[in-house]
Amino acid sequence: MYSPAAKAVAEKLGLQTGRANLEEFADTLLALAQANRNVLAVTSDSRGSGKLGPFGHALPKQIVEVGIAEQNLVGIAAGLGSCGKKVFAVSPACFLTARSLEQIKNDLCYSDHPVTLVGISAGVSYGALGTTHHSLHDFAVLRAINNITIVAPADNFEAREAVRVCAGHDKPVYLRFGKAPLYTLPAADTAPFTLGKARELRAGHDVAFLASGETVIHALLAATHLAETAGLQCRVVSVPFVKPLDHAAVLAAARECRAVITVEEHLVNGGLGEAVAGLIAQAGIATRFKIVALPDEYTVTGSQAEIFRHYGLTMEGLSATAQGLLDRN
Amino acid sequence: MPTDHELALKSLLYRRNLLRWIKHAGAGHTGGSLSCVDILNVLYNRILRVSPATFSDPRRDRYIQSKGHSVEALYVVLADRGFFPESDLATLCGYQSHYVGHPTRHVAGIEQNTGALGHGLPLAVGTALASKLDDAGFRAFTLVGDGELAEGSNWEAALAGAHYQLDNLTAIIDCNTLQITGRTRDVMNHEPLSEKWSAFGWAVRTVDGHDLAALTAALEQPLEAGKPSCIIARTTKGKGVSFMEDVGKWHHGVPSDAEHAKASAELDAAIAQLVGGAA
Ligand SMILES: Cc1ncc(C[n+]2csc(CCOP(=O)(O)OP(=O)(O)O)c2C)c(N)n1
Ligand SMILES: [Mg+2]
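Residues numbered from 1 in each chain as written. Chains lettered and ligands numbered in written order. Predicted model: local features only at pLDDT ≥ 70, side-chain atom pairs only at ≥ 80, totals over all residues. Heavy atoms only, no water.

Caption draft 1: Examining the pairing of strand 1 (residues 62-65) of chain B more closely. All names here are of chain B. The side-chain alternation of strand 1 yields two buried faces, one formed by R62 and I64 and the other by Y63 and Q65. In this structure, strand 1 lies alongside strand 2 (residues 140-145), joined through four bridges in parallel fashion. Bridged to R62 within strand 2 is A140. (Buried < 20%, exposed > 50% of the residue type's maximum accessible area, 1.4 Å probe, protein only. Helix = DSSP H or I, 4+ residues; strand = E, 2+ residues; numbered from the N terminus. Pairing = 2+ DSSP bridges.)

Caption draft 2: The arrangement of the sheet that holds strand 3 (residues 169-175) of chain B in detail. Residue and element names in this part refer to chain B. Reading across from one edge, 1-2-3-5-4 is the order of the five strands in this open sheet, with parallel pairing throughout. Strands at the two margins of the open sheet, each flanked by one partner only, are strand 1 and strand 4 (203-208). Between one strand axis and the next, the sheet turns by 20° as a mean value, whatever way the strands run. Here strand 2 pairs with strand 3 via six bridges, running parallel. Counterpart to T142 in the pairing with strand 3 is A171. Where helix 4 (residues 120-133) meets the sheet, its contacts fall on strand 1, strand 2 and strand 3, and the angle it forms with strand 2 comes to roughly 170°. (Axes fitted to C-alpha atoms, helices over the stretch in contact; angles between N-to-C directions. Contact = heavy atoms within 4.5 Å.)

Caption draft 3: Here's a closer look at the site of ligand 1. Not every one of the 23 residues close to ligand 1 is listed here, only the nearest: E70(A), K67(B), H69(B), D146(B) and K237(B). Each of chains A and B places residues next to ligand 1. Contact between ligand 1 and E70(A): a nitrogen atom at 2.6 Å from a side-chain N or O atom of the residue. (Near = heavy atom within 4 Å. Polar contact = N/O pair within 3.5 Å; in protein donor to acceptor, adjacent residues only side chain to side chain.)

Caption draft 4: Inspection of empty space enclosed by the protein at higher detail. Residue and element names in this part refer to chain A. Following the criterion strictly, the structure yields four cavities of 30 Å³ or more and no others. In this structure, the largest cavity occupies an estimated 90 Å³ of space. Counted by class, the lining of the largest cavity contains five nonpolar, four polar and three charged residues. Of the residues that make up the lining of the largest cavity, three or more belong to each of domain 1 (4-16 + 184-327) and domain 2 (18-183). Taken as a whole, the second largest cavity spans an internal volume of roughly 50 Å³. (1 Å grid on protein atoms, 1.4 Å probe; cavity = no way out; pocket = protein on both sides within 12 Å on 5 of 7 lines; lining within 4 Å. Points joined across faces, edges and corners; volume = space filled by probe spheres on them. Nonpolar A, V, L, I, M, F, W, Y, C, P; charged D, E, K, R; others polar. Domains from an automatic or database assignment.)

Caption draft 5: The arrangement of the sheet that holds strand 13 (residues 259-267) of chain A in detail. All names here are of chain A. Strand order in the open sheet formed by five strands is 9-11-10-13-14, and the pairing between neighbours is mixed. Every other strand in the sheet has two partners, leaving strand 9 (199-202) and strand 14 (288-294) as the edge strands with one partner each. Sheet twist, expressed as the average angle between the axes of neighbouring strands with direction ignored, equals 20°. Pairing analysis gives five bridges linking strand 10 (residues 207-211) to strand 13, with the strands arranged parallel. Residue pairing across strands places A211 opposite V263, the latter belonging to strand 13. Helix-sheet contacts for helix 13 (residues 315-327) involve strand 10, strand 13 and strand 14, and the interaxial angle to strand 14 is about 155°.

Caption draft 6: Geometry of the side chain of T114(B). Looking at the secondary structure, you find T114(B) in the loop between helix 3 (71-80) and helix 4. A polar atom in the side chain of T114(B) sits 2.7 Å from the backbone oxygen of Q65(B). In contact with T114(B), other than residues within four places in its own chain, are T132(A), I64(B), Q65(B), S66(B), G68(B), H102(B) and P103(B).

Caption draft 7: Expanded view of the environment of L80(A). All names here are of chain A. Mapped onto the secondary structure, L80 falls in helix 4 (residues 70-82). Along the sequence, L80 and H113 sit 33 residues apart, while their C-alpha atoms lie 8.9 Å from each other. Setting aside residues up to four positions removed in sequence, L80 forms contacts with L40, V42, V64, K85 and V87.

Caption draft 8: Looking closely at unusual backbone geometry. Residue K243(A) is joined to P244(A) through a cis peptide bond whose omega torsion reads -5°. Structurally, P244(A) can be placed in the loop between strand 12 (241-243) and helix 10 (247-256). Residue E191(B) is joined to P192(B) through a cis peptide bond whose omega torsion reads 0°. The residue P192(B) is located in the loop between helix 6 (184-188) and helix 7 (193-199) in this model. The backbone of S121(A) sits at a positive phi, close to 50°, despite the residue not being glycine.

Caption draft 9: Inspection of the pattern of salt bridges at higher detail. Residues and elements named next belong to chain A. Across all of its chains, the model carries 28 salt bridges over all chains by this definition. When the shortest N-O distance is used, the salt bridge between K171 and D112 registers 3.0 Å. Separated by 59 residues along the polypeptide, K171 in the loop between helix 8 (156-167) and strand 7 (173-176) and D112 in the loop between helix 6 (101-110) and strand 5 (115-120) bring together distant segments of the chain. Residue classification places K171 among the partly exposed positions, given a relative accessible area of 32%. (Salt bridge = Lys/Arg side-chain N within 4 Å of Asp/Glu carboxyl O.)

Caption draft 10: Highlighting the domain arrangement of chain A. Residues and elements named next belong to chain A. When cut into domains, chain A gives domain 1 (4-16 + 184-327) and domain 2 (18-183). Computed from C-alpha coordinates alone, the two centres of domain 1 and domain 2 are separated by 25 Å. Contact residues are listed per partner, giving 39 residues for domain 1 and 41 residues for domain 2. Taken together, both faces of the contact between domain 1 and domain 2 bury some 3100 Å²; the carbon and sulfur share is 62%. In terms of surface lost to domain 2, no three residues of domain 1 exceed F193, E214 and K243, which account for 24% of the buried area on that side. Where domain 1 touches domain 2, the interface holds one salt bridge. In this structure, R199 engages E158 in a salt bridge whose closest nitrogen and oxygen atoms are separated by 2.6 Å. The tally of links between domain 1 and domain 2 comes to 19 residue pairs in polar contact (both at pLDDT 80 or more). For the side of domain 1 that touches domain 2, the elements supplying multiple residues, two or more each, are helix 1 (4-12), helix 9 (216-230), strand 12, strand 13, helix 11 (272-282) and helix 12 (304-310). In terms of residue count, the dominant contributor to the side of domain 1 that touches domain 2 is strand 13 (four residues). (Buried area = accessible area lost by both parts, 1.4 Å probe.)

Caption draft 11: Quick look at the pairing of strand 2 (residues 39-43) of chain A. Residues and elements named next belong to chain A. Most of strand 2 sits out of view: five of its five residues are buried. What you see with strand 2 is no split at all: V39, A41 and T43 on one side and L40 and V42 on the other are buried throughout. With five bridges joining them, strand 2 and strand 4 (residues 86-92) adopt parallel strand pairing. When the bridges of strand 4 are listed, V39 appears paired with K86. In this sheet, strand 3 (residues 63-65) lies alongside strand 2 in parallel orientation, the contact comprising three bridges. Residue pairing across strands places T43 opposite E65, the latter belonging to strand 3. As a crossover connection, the stretch from strand 2 through helix 3 (residues 53-58) into strand 3 is right-handed. (Right-handed = clockwise from strand over helix to strand, strands pointing away.)

Put into structure tokens, the structure is as follows:
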């Protein structure tokens, strides 16, 4: 996933390698479910992919299997939720947010049930399996639906906290995870994880990187690299909540920094970038602005790391984008 | 038309080759590819009126692989039929390769992009219906996993296939009794399967999905005029490699070097025996 140069920067920052967010999720959910027998995991032949094997063994009565049937998954989850169950419906993000969209819109969001949809192996985590297995549309389609919170945690700390927030929130939530092991980001103690709030991981006034999910680390590495190589002080903000968006943090970045770059593992259409753009434009702020995401084209094939490199979602790619944006007249 | 003996040899070669490419790529759906090899062998070598030369003919027969994850089996069969050189598979799942882990129309010989389960049967219904509308006379076939049958779209399409009396439509169910989590009967039971399809208005036949002659007989002609055909193929996941047979973890397990050597040796021995037996 990381070039040798990026690894060196991570090492200099003293970042520890954590595990996959998915594993953090599974352990956190198990602990919650052990303490509360109303917490249920609902799966669609996705127990293994969701790392819920241990959950199934420990709490066989708190896991419901629906078979390979994602629409049924969401409908059943909504029904359980309507009867006081605290439901986590776990399925690959690509199927969960495409095939089941009407169930999400009507049975969950419109009817307002306390279900957390857990989209696993999101973005291009399943790189070489092709477009059927990519979820590059999920932010966009869910942003267009009222009454759902969208969360994409950036590291194990955010993942753990996000699961707790979901458990305590009686509303529909979409929680999005990848499956690659992640670095643990700084600022766990200084920037708390709160519903609807962004987290500043690094201060600066040159470029502001506003990033979501598993791209945040690349933005942090780029900011560090730009400080070392170009003397630039770039701000890095983790935006786990794509919806509701933290207006104050976005507008502060747009007002206080010379340029804004959004970064996400999503198509350029309808995701974090366009949400930020809409907010900035409507606040009457004119700034240099760039959305770094996957372009609206047939996605190149390869591993997640190869796809990230191809589209510049890396330390090197983001550094070049930042410099290009500042150089623009 | 290849003889039974030639066909049996092809199945062994397909198995050995698909394992080789999965090993080379370090990824693949091993168990389900091995379970459907004999079905694809019979389809492409005996049943389907399609070849590289006729692939743009609007009257060609259509095959749509609904259980797209078993693409490695399809790749080796298409390569053997001359759609592309088998050496292309050296790029399987690689950067910028068209040979991704599920079927796409970027690959010669592939009719539909699949990989999300529960799409093949509706596509095949539309395809068979087009044949009827144009009086074009071609047949449409689709291969569906048994776990995949939990997707409701299959049953919507089952209604439509019978409603439009699509006797040029054949659904083959790769009934290997396993899916990712375990036994299909434990995950989401769909038995009695034959009765379900009959009740939906389909002509049904259950066959041994590794018996090439039985598969040929079941697929040669539509089972019954005015009804779509459902072939319930009783298969073994991981078929042909002793330690993979009926073992769930091989769904997307990639063999280690030692396992790959053992599997290849078993298949090579079977090939040698078959070739020797004919001489
Ligand atoms: C809509 C959808 N949901 C989930 C998956 C993930 N998936 C891929 S293969 C598989 C199991 C398939 O089992 P089965 O249909 O029995 O196939 P086989 O045993 O022949 O491999 C699952 C759940 C998928 N590809 N598409
Ligand atoms: Mg199966």
